[in-house]
Amino acid sequence: MFLKKVKGGSPNRPRWYLQLAVSVRGPKGPRHKTLCTLGRYEELVNSGELKRLAQRITQFTDDALLVDLAKENLLASRLLGSILGIEKALRDLQLDRKLEKIAQERKIRFDLVKVVKLMLLQRIVAPGSKLSLLQWRKRLYNHEAYEGIEAQHLYRAMDVLLEEKEKLKEQVYKAQLELFPPSLNVVFYDLTTLYFESEKEDELRRFGFSKDHKHDRVQVVLGLVLSEEGLPLDYEVFAGDTFEGKTVIGMVERLRERFAIRKVILVGDRGLVSEALLKRLEEMGCGYVVGARIKQLPEKLKEQILEERGWEKLTEDLAVKELEGKGRRLVVYRSRELQEYERQKRAEVVEWLKEQLEKNPKRLLSQKGYRKYLVIEGVKMELDLAAIQREERLDGIFGFWCSREGVSKEQAYQVYQELWQIEEAFRSMKSHLKIRPVYHYKPQRVKAHILICYLAFCVMRVLERRLQEAGIGMSLQRALSELEKVSCVEIETPKGLVKVRTRIEGTTYELFRALHIKIPPVLLPQSSA
């Protein structure tokens, strides 16, 4: 059944009529059968009868809308595609179920699931303060579902999260095991520092060695454990003055006790190394590959490294050698490319030092990093050529302390190279998730904020693994940006407010499939979180 416009009247005075017709099939094929004539077209339009008729027709169907272009009916465009992707990852980790159980056990009266979900959504899409979240939620396609949330609910939820931290970490760990079974033979552990715009110390925020070079600010230390595939296994927050090496044994014991990881190879950087630490790891039967400070080794051991005997060629550029040092296994590597690079950089430094010695030698007194190349006697200052030559002998050589079992000398470098994953994880937390600045000062709230960032990071890792499995070579940040092109448009109609989605095609369609997002209908259902 359809409307058709037909011509009538005389050739000199034509008139147009609107008829209701239906297509029927007769002996000679299909033809149009007129059911009735509604009237003259111009009169129906000018009187508004045609518009009223259209409105009445749409009242009898759920999937048809009438939009009056003469009015401003398009009210807002809200986030849809990126939010659907994050919500799917949250369900994959079963965080919603865990939070529901926690809320029931603790008899929490506000909607804990919605509050935590809202904080995680903001942290991934548009990180900001907790108070700014109350304004940001209006950008969501289902913003009505979060309208009842107040600032007090955010802070109360943070307190609950921190008290249930171990349960939540265990939940995401187990969920990841089911989604992407990792290899737990090798785990990567490293620490970073998070500084505060403050000089006031407390039990958590302390002055210490800052990896952000903010030595005049208080800080906390964050330790993170990743699997060989880059999946987060655990984390912990330490006081800002904590020595890196002191955190390792506790973390290994946690992995063993809580996650039933019995035999692991710990991979860490040079800051983790101490004699007591390596001895304790050996007593625990834990393998390790940790960076060695070659230039700080005893002179006798350096001479053994420099001997040509014992070097084995791995590649055109790389050679390997295994030695005994301090009663432990030391695996060293020699790279010609690295040697050339280090010598070039030192030559540039030496030239700069020569210029400064002539122009402004006093300036060098404050440059601690260059003092190793200088001889300073009273007011006299000159280049230490002997020190430069000693350092030059070790150019291109680097190495690792390795356990006697678990990692071959050929594998040690390859395993250590994968440590970049944890460095990338810290960059992601600091840049994408904006883990700092921290808008909290109480130690418990600071810890709760870091827990929210950790959970958000786990969600991001699920999305990234989905992209990798689908062979989509784009960063998560770009993928979320592409998904934001799929938006929810709110339209005012005679039926009331309705929501429709924009088109899903091309790259966005591929992303929906890769992230296992169910494509919603064009006419979106009523909001729910």
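Above this note sits the structure.
These lines cover the structure that appears in this document, whether it is placed above or below. Predicted, not measured: the structure shown is a model, and the values here were computed from it. (Residues numbered from 1 in each chain as written. Predicted model: local features only at pLDDT ≥ 70, side-chain atom pairs only at ≥ 80, totals over all residues. Heavy atoms only, no water.)

## Some points on the pairing of strand β1 (residues 2-9)
In this structure, β1 lies alongside strand β2 (residues 14-26), joined through eight bridges in antiparallel fashion. Bridge pairing links Lys-7 to Trp-16 in β2. (Pairing = 2+ DSSP bridges. Helix = DSSP H or I, 4+ residues; strand = E, 2+ residues; numbered from the N terminus.)

## A few points about the pairing of strand β8 (residues 265-268)
The alternating pattern of β8 places Ile-265 and Val-267 on one face and Leu-266 and Gly-268 on the opposite face, and all of these are buried. In terms of strand pairing, strand β5 (residues 186-195) meets β8 through three bridges, oriented parallel. For Val-187, the partnering residue across the bridge sits in β8 and is Leu-266. Bridge count for β8 against strand β9 (residues 287-292) is four bridges, and the pairing is parallel. (Buried < 20%, exposed > 50% of the residue type's maximum accessible area, 1.4 Å probe, protein only.)

## Regarding a nonpolar patch on the surface
Residues Leu-3, Leu-38, Leu-53 and Ile-57 make up a contiguous nonpolar surface patch of about 320 Å² in total accessible area. Within the element layout of this structure, Ile-57 appears in helix α2 (residues 49-58). (Patch = residues over 30% accessible without salt bridge, like charges linked within 9 Å, V, L, I, M, F, W, Y side chains within 5 Å. Areas by Shrake-Rupley, 256 points an atom, 1.4 Å probe, with all protein chains shown as cover. Salt bridge = Lys/Arg side-chain N within 4 Å of Asp/Glu carboxyl O.)

## Points about the sheet that holds β2
Pairing is antiparallel across the open sheet formed by three strands, whose spatial order is β1-β2-β3. On the outer flanks of this sheet lie β1 and β3 (29-40), each paired with one strand and no other. Shown here is a sheet whose adjacent strand axes are inclined to one another by a mean of 40°, direction ignored. Pairing of β2 with β3 involves ten bridges; the strand directions are antiparallel. In the strand pairing of β3, Gln-19 is matched with Thr-37. (Axes fitted to C-alpha atoms, helices over the stretch in contact; angles between N-to-C directions.)

## Some details on the sheet that holds strand β17 (residues 496-501)
Taken together, three strands build an open sheet; the order of strands is β4-β16-β17 and the sheet is antiparallel. Where the open sheet ends on each side, the last strands, each with one partner, are β4 (74-79) and β17. Between one strand and the next, the sheet's axes are offset by a mean angle of 25°, whatever the strand orientation. With five bridges connecting them, β4 and strand β16 (residues 487-493) associate as antiparallel partners. Within β16, the position partnered with Leu-79 by the bridge is Ser-487.

## What about the packing of aromatic side chains?
Applying the stated criterion across every chain, the model contains eight aromatic pairs. When the ring of Tyr-333 is compared with that of Phe-398, the centres are 5.6 Å apart and the planes differ by 15°; the resulting orientation is stacked. Taken together, the positions of Tyr-333 in strand β12 (residues 328-335) and Phe-398 in strand β15 (residues 397-402) put the pair 65 residues apart, joining distant regions of the chain. Judged by relative accessible area, which is 0%, Tyr-333 ranks as buried. Note on Phe-398: relative accessible area 17%, which makes it buried. Note on Phe-400 and Tyr-416: the rings are 4.4 Å apart at their centroids and 40° apart in plane angle, and the pair reads as tilted. Of this pair, Phe-400 sits in strand β15 while Tyr-416 is found in helix α14 (residues 409-417), placing the two residues 16 residues apart along the sequence. By way of ring pairs, the aromatic residues Tyr-333, Phe-398, Phe-400, Tyr-413 and Tyr-416 are connected into one cluster. Between the NZ or CZ atom of Lys-5 and the centre of the ring of Tyr-41, over which it lies, the distance is 4.2 Å. (Phe/Tyr/Trp six-rings, centres within 6.5 Å; stacked < 30°, edge-to-face > 60°. Lys NZ or Arg CZ within 6 Å of the ring centre and 35° of its normal.)

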